Every structure is written in structure tokens, then in C-alpha cells.
Protein chains: 2
Amino acid sequence: MVSKYERIAADLRQRVRKEEFAAGERLPAETVLMDRYKVSLVTMRRALDLVEAEGLVERRHGIGNFVRAPRQRVRRTTDRHQWEKDRVHLSESERSKTGSTEQDTGLDKEQLVFHAEYSDCEADDDLAEALGVPVGTHLLERTYRTRAAEDAPFNLARSYLVHEMIEANPKLLNATNEPWAGGTQHQLFTVGIEVDHVTEAISGRPPSPDEAEALEIGPGVSVLVLRKTLYDTGGRAVEVADIVMPGDRTELLYTTQLKRWPI
Amino acid sequence: MVSKYERIAADLRQRVRKEEFAAGERLPAETVLMDRYKVSLVTMRRALDLVEAEGLVERRHGIGNFVRAPRQRVRRTTDRHQWEKDRVHLSESERSKTGSTEQDTGLDKEQLVFHAEYSDCEADDDLAEALGVPVGTHLLERTYRTRAAEDAPFNLARSYLVHEMIEANPKLLNATNEPWAGGTQHQLFTVGIEVDHVTEAISGRPPSPDEAEALEIGPGVSVLVLRKTLYDTGGRAVEVADIVMPGDRTELLYTTQLKRWPI
DNA sequence: GAGTGGTCTAGACCACTGT
DNA sequence: CAGTGGTCTAGACCACTCC
């Protein structure tokens, strides 16, 4: 026995695919749809909840429900780390020409808006383990978000550095120096740290209410959570960052090159 | 103005964290909770929808709502591809000792149940592009799932091979030969194909009703979707696989090694 | 103010599980 | 059978947006 709301959701999906409802178009009001499908408002809304979660429909309070235009997708590749490392020794003018987000999105620097905040904090259990330091260690917390002008952010990032490791360069402690030309790897370079390798651990979950609001996604749209850890040439963790990205507009791309068989 | 269901959900989250409701324990019946929080049943259920989506609570129809015990997590790393490649030239007995899923989970072969189905299909737009073949090309579709005995599957996989590319070895066309010792790379080896590199593209979304049922997750728990593409030494795509994994029990781990700066 | 979506209610009835 | 969760309804009222 398939429920009514599932059948309605399936019907809506199909109509969107067949472009009976074109992308960007407003759907009929919920009260109209409820009459059309001969169900109660609650049931109609439950069907809409489903297609919203799938990213097919966007709801705007007081305005209407819209067929979601496929958004700019962000493709985040692993090349970015080597690319960033290669740039560390370039001149500042070269470095400031473009950053990794421009790489990911293909947008120009002028189209991107960048926002950063710094604060101090102490390592909790989780961060202490990730950074290999005692609980309570003094950390610098940096929160970032990048967006295309007028659009929702591509991601929310929270990065952690061990305070003691970077305080040799006071400029690194001040958010007004962001965006730092050359990124975190260049920042670390100014205090004598060379990044050797990077690990990224990915999982997925529904967004918290805050995240849904900040990323401008519905509460049902999944987010990808990426924990990036930078290690220096001594194998020590030097930065841990948690990056939250909307699952429906992000594609994480990884390439693994294999060794050839002996001939 | 925070809604009632959000406040109730927040309260439930906190109680679970504080272990007022212990893992595995049954929650009070919905009718009891609804009285306790002084809300209607619908509102109470909406709050439960939220914590279910977060993976904190599991609902069992006719039985009750349970605090979810943390499940076995699967860690899938990129080493697996080189690891699999290295095994292609081993003897069959060596190859059959263990497979990649055992690697990922740390479980023994005896604890894992493997299921495969084969069927023929034709390339749609999406697959044609991914495999670099014309639309309508004859493909072999293979669906897989692997589970720990008595538990939900770790993933649902759908793999596509170009029929013409592999028909030289009829054994590859028959699902009864699964699980094939040594995996897909060994299968391709039997028709003279060496895999050169692998790409993995990851995104996230809520599960379809089918997927939720098969993976035994609630409709609100996110899934990770990984499209893996194998390329041979000529740069030709030789396998495309879509793998769906529960976001709350999967961790995808990638390591990028960077080149050292010149001294 | 008119029209839209968002929250909430009280109550009915159905479906599943265990005894 | 009793007890549980799952679906559905009709209607009230609130919050947001635009004119």
C-alpha cells in the first residue's frame, strides 16, 4: 500500500522531469494543488516536503513554491592541494590573482564574496584527538564562507590551528588579513611549516537548522561534511577544518592514479 | 520564534546526549510524550521526524521508537584501488582470501553476506556520456549489496560494463560466478584490460524510499552517492559504478600526498 | 489587505507487532 | 487481543511578501 503523499510526490517528480512544470516556474498554490489531488492540506504539504528534500522544489514563505533551477555546481578536486602548494613560493601579486574557490567554481574573483571570522577557543576531545594535542590546548578558530555574489554560500568552513604554532607571525591572528593570498598553506609557510599530505574524511547528514538557513537549503536537503587535516613534513597535524557543503550542488572529485603492471 | 517541534527535538537530542535515554532503549510511547510535552500527536511526531533524520532515533512500526545505538562504521579509502590492482596477478587462492569490503570493515569473510544480480540494458544519456559510448550501447548491469550477517547492507551498488568489451570471457556474464575473487579489476584483466586510474565523484542526498528500505535507514537519513569510473591505460572508461551508502555510518577517506619543495 | 506558505490541533482510522 | 506507530482529515491561526 503506497501512501497518498508518496504517490503525489511521484507525480510531481514526473511532471518536473517532463518539464510540465518548467525550471524556475512557480507551482500552483498549495490550496489549489490540494483540491486538484483531492487531499487535505497537511497531506499535500507532506508530498511537497518530499520533493523539496530531493532538491526539486524550493519553498519561499509568503511567495510560493518553485521548481528549482539546477544551481551552479561546485566541483572540488584533490588537485587543489598540490596547486595551492605550488603557489606558495610565487610572488604575492601572482598568488593574489586567484584562489582555490575560483578554481572549483570557474567564477572570477570579482564574482565571489568572502567572509571570515577569527576567535580563540580550547581544544575539546574531538579536536584534541584530531590535532594530536592535549584537551584544552589554546586554538585559533576561523570560520569562513564563500558565496557567489547574491547567491547562497558554497560552504561553511570552520578551521582550527594550534595557537602556539602560528603566533610567531601576528598577522595570522587577525581576520582583517583575510582572504590571505595563497591560502592556508602560505600562511603556514610564514611560520616555517611545509605541508606534506592532506587527508579528507567525508560523511553526510541532514543539515542543522542553522546550516540550512546559512546555506539556503531546505531542512531535508543533505549536507556533505568534509574533515580536512593538513600534516607537515614531520607527520604532525597542523590544521583541522570541518567544511559543510550542500549535497545537492557539490560534487567532490577524487582521482587515484594506479601503478602500471610490470611488463 | 522557534517552533514547538524544534524545541522538543532539541530537548530530545540533549536527553540522548546526556544518556537520560540510553542507547538501544525504547522511548516512551508517542501518546505519552505528546502528553508530557503538551502538544498534539502530529507535532510530537514532527519532532521525532527530526531526531530520526539525524540518526538519533530509530522507529519501529508497531513496536516503539528506540535510541539508536551507534552502528558499525565503514571507512572506505582510496588505497583500495591500488590494493585491488596489486592482487590481480596473485593466485586464485590468494585472491579469494579476502576482498575490499573486508578491508573496509575489518570483518572476516565469514561474517559478510554478498549478493549480486546481472542483467542487460542499454546506455541512457547519462551512462553513454560516462562511458564514452553512443546512447543505446549494449551494457551489462550488475547490482551488488554487501552486508554483515543479520545487519543492513553497507551499500547498494550498480555497476555498468560495455557488453562488447567483456564478452570474450563468458564467465563474466554470469552472476553465479560472484563474488569474483579479486574483484572487477581481475575480471577486466581476463579480457586483457589493465586499469590505469580511477575517479570518484561524491555527492549527497536523501534516500529514495527503496534505498531507505534496503539500507534500513529512516527516510530522513542522508545517503552518500559515489560514482566510480575505472579507466584503462588507453584512457577509455571501462566501468562505471554508482554506489549508494548510508551517510550516517560511512566515512570516505582520501589522502593526497604532496610533492616536497625543492631544498 | 490579499495571497502565500508555516505551525498546530483534536480526532479518526489503518497497519504492524507481540501475546 | 492490546499496544504501538503511520496516515489522513478539516479547520484554525500565524508569519511572510507584495501591492
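Report on the accompanying structure. Just so it is clear, the model here is predicted, and its values are computed rather than measured. (Residues numbered from 1 in each chain as written. Chains lettered and ligands numbered in written order. Predicted model: local features only at pLDDT ≥ 70, side-chain atom pairs only at ≥ 80, totals over all residues.)

Moving on, we get to the overall build of chain A. Per the secondary structure count, chain A includes 10 helices and 10 strands. Here the C-alpha coordinates of chain A stretch approximately 70 × 55 × 40 Å along the principal axes. (Helix = DSSP H or I, 4+ residues; strand = E, 2+ residues; numbered from the N terminus.)

A word on the pairing of strand 8 (residues 223-232) of chain A. Residue and element names in this part refer to chain A. Pairing analysis gives 10 bridges linking strand 7 (residues 195-205) to strand 8, with the strands arranged antiparallel. In the sheet register, V198 faces strand 8, and the bridge partner there is L230. Judged from the 9 bridges that link them, strand 8 and strand 9 (residues 237-246) form a sheet pairing that is antiparallel. Its bridge partner being in strand 9, V223 is matched across the sheet by P246. (Pairing = 2+ DSSP bridges.)

Turning to the protein's contact with DNA strand D, a few remarks are in order. All names here are of chain A. Near DNA strand D you find 22 residues, and of these K4, S40, V42, T43 and G62 are the closest. The element contributing the most residues to the surface near DNA strand D is helix 3 (residues 41-53), with 3 residues. Residue classes in the surface near DNA strand D are distributed as 8 nonpolar, 10 polar and 4 charged. (Near = placed C-beta within 6 Å. Nonpolar A, V, L, I, M, F, W, Y, C, P; charged D, E, K, R; others polar.)

This next bit is on the protein's contact with DNA strand C. Residues in close proximity to DNA strand C total 22 residues, the closest being B:K4, B:S40, B:V42, B:T43 and B:G62. Taken together, the elements giving at least two residues each to the surface near DNA strand C come down to helix 2 (30-36), helix 3 and strand 2 (64-67) of chain A together with helix 1 (4-17) and helix 3 (41-53) of chain B. In terms of residues, the surface near DNA strand C owes the most to one element, helix 3 of chain B, which gives 3 residues. When its residues are assigned to classes, the surface near DNA strand C shows 8 nonpolar, 10 polar and 4 charged.

Looking now at the relation of the copies chain A and chain B. In screw terms, the move from chain A to chain B is a rotation of 180 degrees and a rise of 0.1 Å along the axis, fitting with an RMSD of 0.2 Å. Here the transformation between the copies is reduced to the relation of a two-fold axis. Minimal C-alpha separation from the rotation axis in chain A is found for A:S222, amounting to 2.8 Å. With an isologous cut-off of 70% or more, the 97% of interface residues of chain A that recur at the interface of chain B puts this contact in the isologous class. (Least-squares fit on C-alpha atoms with pLDDT ≥ 70 in both. Contact = placed C-beta atoms within 7 Å.)

Right, let's talk about unusual backbone geometry for a bit. Residue and element names in this part refer to chain A. You will see that K38, though not glycine, has its phi angle at about 55 degrees, which is positive. Mapped onto the fold, K38 is located in the loop between helix 2 and helix 3. For K38, a count of 9 C-beta atoms within 10 Å puts it in the exposed group. (Buried ≥ 20, exposed ≤ 12 C-beta atoms within 10 Å, placed from the backbone.)

All names here are of chain B. With 14 residues, helix 1 extends 20 Å between its outermost C-alpha atoms, agreeing within 8% with the 20 Å of an ideal straight helix rising 1.5 Å per residue. Of the surrounding secondary structure, the elements contacted by the buried residues of helix 1 are helix 3 and strand 2 (64-67). Taken from the residues just after helix 1, E19 is the one with a positive phi, measuring 60 degrees. (Expected span 1.5 Å × (residues − 1).)

Bringing the interface of chain A and chain B into the picture now. In this assembly, 39 residues from chain A lie in contact with 38 residues from chain B. When contributions to the side of chain A that touches chain B are tallied by element, the ones reaching two or more residues are helix 4 (79-87), strand 7, strand 8 and strand 10 (250-257) of chain A. Sort the elements by how many residues they give to the side of chain A that touches chain B and strand 7 of chain A lands first, with 11 residues. Looking at side-chain class alone, the side of chain A that touches chain B contains 14 nonpolar, 15 polar and 10 charged residues. In terms of strand pairing, strand 10 of chain A meets strand 7 (residues 195-205) of chain B through 6 bridges, oriented antiparallel. Residue pairing across strands places A:Q257 opposite B:H197, the latter belonging to strand 7 of chain B.

Attention now moves to the sheet that holds strand 7 of chain B. In space, the 8 strands of this open sheet follow the order 3(A)-10(A)-7(B)-8(B)-9(B)-6(B)-5(B)-4(B), with mixed pairing throughout. The open sheet has two edge strands with one neighbour each: strand 3 (74-77) of chain A together with strand 4 (112-122) of chain B. For this sheet, the mean inter-axis angle between neighbouring strands, taken without regard to orientation, is 20 degrees. Pairing of strand 3 of chain A with strand 10 of chain A, which is carried by 4 bridges, proceeds in the parallel orientation. Across the sheet, the residue bridging to A:T77 is A:L253, located in strand 10 of chain A. (Axes fitted to C-alpha atoms, helices over the stretch in contact; angles between N-to-C directions.)

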